[in-house]
Amino acid sequence: MNLSQPERRLAPERLAPDIIVIGSGPGGAVTATRCAEAGKSVLMIEEGPHLALESAPHFSREEILQKYRNAGINIGFGATKIAYVEGCCVGGGSEINRGLYHRTPQTVLDRWIRDYRVDALTLEDLTPHFDACEAVARVEYLPGPAPQLSTRLDEGAQRLGWSSLEVPRLYAYAAAGAGGSPGRKQSMSATFVPRFLDAGGMLLADTCATRLTHANGQWTVHAHSKGAGGTRQIELKAKTVFVAGGAVQTPWLLRRSGITRHVGDSLRFHPMLKVVAVFPDELNTPGELEPVHQIKEFDPRFSMGCSMSKRPALALAMAAHPEMIDAVDRDWRRMAIYYVQSTGGSGKVRSLPGFRDPLVRVGLQPSDLKELAVGLARLAEVLFAAGALAVYPSIPGYPVLKSLADIAKLPETLPPKQANATALHLFSSCPMGEDAEKCAASSFGRVHGANNLYIADASLLCGPTVVNPQGTVMAVAHRNITRALEDRAI
């Protein structure tokens, strides 16, 4: 069965766009749509395939193979290794995340304005751009009660007097009784990409940009494109290029193209630790909506939440406790995965001759490791307050916790080689701003020292967002392209 979206395959050698957008995730799709609706001739290219949102069940093995880069296996190397996830399909990360949505906290924007000299980035400046994006990709709260594994976390927080909230999602929930469907996720492939195509935009999927060159007032995007006859090398030309491949792929492409100043030097991420909590009753019910509660009591140091807890995910999260694998099969409905994530961690992105993939090097400072250890202890505390019988940290060699008193058994800091940390949110590898000693691009995304070359993704963000970053990426992209159009810069 062909799972691809029906589309006419473009002939690259016949294309002559004004603008090329490399990447179709939240930043690229918003940018390309805004340009196409302003009457520009726009080509958006995407390394991965163009698949229907429903081509595979969410968080299934099939979806991981179809839509994740390297089937979900990407490693940042260092004393503490970090496993990170990237989307590789039309829609990018918006296709594979849960769509939890926040507007950027003013405290975060204040720090970026101060430390990177970013112009026009107050919450008041961004509000019309949040509004514009939310008018296309709907943001909604659950229409009814949250799933039990989500409310259980909220109940534990309330018992401890901690701040907890229900987070809205990029999701259009169905009305009660609408054919049994819960609704539709508001990913880029379901929202901005169709608008882009309706406005006359051109989409070239299965096409990986490998290098950029500039001559005679034009950019050439060197790429390899997959088709029925195999993979072939192509060249695409345009006056203006927006790079929106994400916080790892964007600096990789720019560095391969000889653009290196403050590019790939300042990668940041939200390192995450997970645990499996076992409860006396069944709370993990098949078919329920996704968990939506987060604990914000300790922001910006760390926050907590609930992950998708299907049986395969539970088995993976319990891998550090192999004696429990049979119990997962037997009692998985009494189990759920919870996480704590901090704002520590930094890294670098490099391109190496002869290698297809970027080299990502990461580091967690001693203070970062200690903060994660504190967060892990607080996570166990709230889960016991929520009624958990036992908490299993997803860290090799860590003890099983069966009471509040057992939390004292946890190490005071996280051993670097045992951390087993992951990262879903990556950003800041090409920060924006007017500080020439830190920033790869201007306050509105134009690459310093380059003509008509822009960045339009999470690379631009000047540091951790503290909250889920997709809303920020979309609003900043909309702000930047709106300014470029108003200034007639493109």
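Student: Would you take a moment to explain the state of the cysteines for this structure?
Tutor: Such a bond, covalent and formed between the sulfur atoms of two cysteines, is termed a disulfide. Counted under the stated rule, the structure contains zero disulfides. Considering cysteine sulfurs only, Cys89 is the nearest to Cys88, which forms no disulfide, with 7.2 Å between them.

Student: How should I be thinking about the nonpolar core in this particular structure?
Tutor: Side chains of a nonpolar character, in soluble globular proteins, are inclined to be buried together. Counting residues in each nonpolar core, the largest one holds 129 residues, and the members touching the most others are Ile22, Tyr338, Leu383 and Leu453. Per-element accounting of this core gives the leading share, nine residues, to helix α10 (residues 366-385). Counting residues in hydrophobic clusters, the runner-up holds 13 residues, among them Met318, Ala327, Met335 and Tyr392.

Student: Would you mind going over the confidence of the model for the protein chain with me for this structure?
Tutor: The predicted coordinates should not be examined in detail at positions where pLDDT is low. Per-residue confidence for the protein chain averages 94 on the pLDDT scale, and 97% of its residues sit at or above 70. In this model, residues 1-6 is a region of pLDDT below 50 whose contacts with residues beyond four sequence positions or in other chains number nine contacts.

Student: What should I look at first to understand α10 in this one?
Tutor: The α-helix winds at 3.6 residues per turn, so residues separated by three or four positions along the chain end up facing the same way. With 20 residues, α10 ought to run about 28 Å at 1.5 Å a step, and its terminal C-alpha atoms sit 29 Å apart, in line with that. Where burial is concerned, most of α10 is hidden: 14 out of the 20 residues are buried. With its phi angle positive at about 105°, Gly387 sits one or two positions after the end of α10.

Student: Whenever I open this one, the sheet that holds strand β8 (residues 183-185) confuses me. Can you help?
Tutor: By definition, the strands of a sheet pair up through backbone hydrogen bonds, in either a parallel or an antiparallel sense. Across the sheet, three strands lie side by side as β5-β7-β8; this open sheet has antiparallel pairing. If you trace the sheet from one side to the other, it starts and ends with β5 (139-140) and β8, each paired once. Sheet topology note: the strand β7 (residues 169-173)/β8 ladder contains three bridges and is antiparallel. Note that in β8 the partner of Ala172 across the bridge is Arg184.

Student: Sorry, what's going on with the side chain of Glu63 here?
Tutor: Along the chain, Glu63 falls in helix α2 (residues 61-67). Put simply, Glu63 is tucked away with no salt bridge, and the nearest opposite charge, on Lys67, sits 4.5 Å away. Within the structure, Glu63 has its side chain in polar contact with the backbone nitrogen of Phe59 (distance 2.7 Å). If near-sequence neighbours (up to four positions away) are discounted, Glu63 is found in contact with Ala56, Pro57, His58, Tyr68 and Glu95.

Student: Just checking my understanding: could you explain the environment of Leu149 for this structure?
Tutor: Topologically, Leu149 is positioned in helix α5 (residues 148-160). Of the residues examined, Leu149 reaches a relative accessible area of 5% and is grouped as buried. Sequence-distant contacts of Leu149, that is, excluding residues within four places in its chain, are made with Leu283, Asn284, Glu288, Cys306, Ser307, Ser309, Ala336 and Tyr338.

Student: Sorry if this is basic, but what is going on with helix α4 (residues 123-136) here?
Tutor: An ideal rise of 1.5 Å per residue puts 20 Å on 14 residues; α4 measures up with 20 Å between its terminal C-alpha atoms. Next to the buried residues of α4 lie α1 (26-37), α3 (106-116), α6 (192-198) and α11 (470-486).

Student: Whenever I open this one, a nonpolar patch on the surface confuses me. Can you help?
Tutor: Together, Ile73, Ile75 and Phe77 make up an exposed nonpolar region whose accessible area comes to about 280 Å². As for its placement among the helices and strands, Ile75 is situated in strand β3 (residues 74-76).

Student: What is the right way to read the side chain of Thr240 from this model?
Tutor: Examined against the element boundaries, Thr240 turns out to sit in strand β13 (residues 240-243). Discounting chain neighbours no more than four positions away, the residues touching Thr240 are Asp18, Ile19, Ile20, Asn452, Tyr454 and Ile490.

Student: When you look at the packing of aromatic side chains in this model, what are you seeing that I'm missing?
Tutor: A full pass over the atoms with the stated rule returns five aromatic pairs. Ring centres of Phe242 and Tyr454 lie 4.8 Å apart, and the angle between their planes is 20°; this geometry places the pair in the stacked category. Placement of the pair is Phe242 in strand β13 and Tyr454 in strand β22 (residues 453-455), with a sequence separation of 212 residues. The class for Tyr454 is buried, based on a relative accessible area of 6%. Between the aromatic rings of Phe279 and Tyr338, the centroid separation amounts to 6.5 Å while the plane-to-plane angle is 65°, which identifies the pairing as edge-to-face.

Student: I tried to follow the packing of α4 against α11 on my own but got confused; where do I start?
Tutor: Think of two packed helices as two axes; the pair is described by the angle between the axes and how far apart they sit. Running from amino to carboxyl end, α4 crosses α11 at an angle of 110°, the nearest separation of the two axes being 8 Å. Relative to α11, the element α4 lies roughly perpendicular. Across the interface between the two elements, Leu126, His129, Phe130, Ala132 and Cys133 from α4 touch Gly471, Thr472, Met474, Ala475, Val476, His478, Arg479 and Thr482 from α11. Of the residues in the contact of α4 with α11, the class split is seven nonpolar, five polar and one charged.

Student: I tried to follow the packing of α1 against α11 on my own but got confused; where do I start?
Tutor: Axis separation between α1 and α11 bottoms out at 8 Å; the angle between their running directions is 30°. For the element pair α1 / α11, the angle class is roughly parallel. Crossing of α1 over α11 shows right-handed handedness. Across from Pro26, Gly27, Val30, Thr31, Arg34 and Cys35 in α1, the residues of α11 making contact are Gln470, Val473, Met474, Ala477, His478, Ile481, Thr482 and Leu485.

Student: Any chance you could explain the pairing of strand β17 (residues 335-342) here in plain terms?
Tutor: On any regular strand, side chains alternate: one points to one face of the sheet, the next to the other face. Burial analysis of β17 places eight of its eight residues in the buried class, the great majority of the element. Burial of the side chains of β17 extends over both faces: Met335, Ile337, Tyr339 and Gln341 are buried on one face and Ala336, Tyr338, Val340 and Ser342 on the other. Of the strand pairs in this sheet, strand β14 (residues 267-278) and β17 are connected by seven bridges, and their pairing is antiparallel. Bridged to Val278 within β17 is Met335. Note that strand β16 (residues 302-306) and β17 share five bridges and pair antiparallel. For Cys306, the partnering residue across the bridge sits in β17 and is Tyr338.

Student: I would appreciate a short explanation of the sheet that holds strand β11 (residues 218-227) in the present structure.
Tutor: One open sheet accounts for three strands, arranged β10-β11-β12; its pairing is antiparallel. Here the strands that pair on one side only, and so sit at the sheet edges, are β10 (207-215) and β12 (230-238). Strand-to-strand twist across the sheet, computed as the mean angle between neighbouring axes with direction ignored, equals 20°.

Each value, and the rule that gives it
- Residues numbered from 1 in each chain as written.
- Predicted model: local features only at pLDDT ≥ 70, side-chain atom pairs only at ≥ 80, totals over all residues.
- Heavy atoms only, no water.
- Disulfide = S-S within 2.5 Å.
- Core = buried A, V, L, I, M, F, W, Y, C linked by side-chain atoms within 4.5 Å.
- Buried < 20%, exposed > 50% of the residue type's maximum accessible area, 1.4 Å probe, protein only.
- Helix = DSSP H or I, 4+ residues; strand = E, 2+ residues; numbered from the N terminus.
- pLDDT = per-residue confidence, 0-100.
- Contact = heavy atoms within 4.5 Å.
- Expected span 1.5 Å × (residues − 1).
- Pairing = 2+ DSSP bridges.
- Lys, Arg positive; Asp, Glu negative; His and termini not counted.
- Salt bridge = Lys/Arg side-chain N within 4 Å of Asp/Glu carboxyl O.
- Polar contact = N/O pair within 3.5 Å; in protein donor to acceptor, adjacent residues only side chain to side chain.
- Patch = residues over 30% accessible without salt bridge, like charges linked within 9 Å, V, L, I, M, F, W, Y side chains within 5 Å.
- Areas by Shrake-Rupley, 256 points an atom, 1.4 Å probe, with all protein chains shown as cover.
- Phe/Tyr/Trp six-rings, centres within 6.5 Å; stacked < 30°, edge-to-face > 60°.
- Axes fitted to C-alpha atoms, helices over the stretch in contact; angles between N-to-C directions.
- Parallel < 35°, antiparallel > 145°, perpendicular 65-115°, else oblique.
- Nonpolar A, V, L, I, M, F, W, Y, C, P; charged D, E, K, R; others polar.
- Left-handed = near helix turned anticlockwise from the far one by under 90°.

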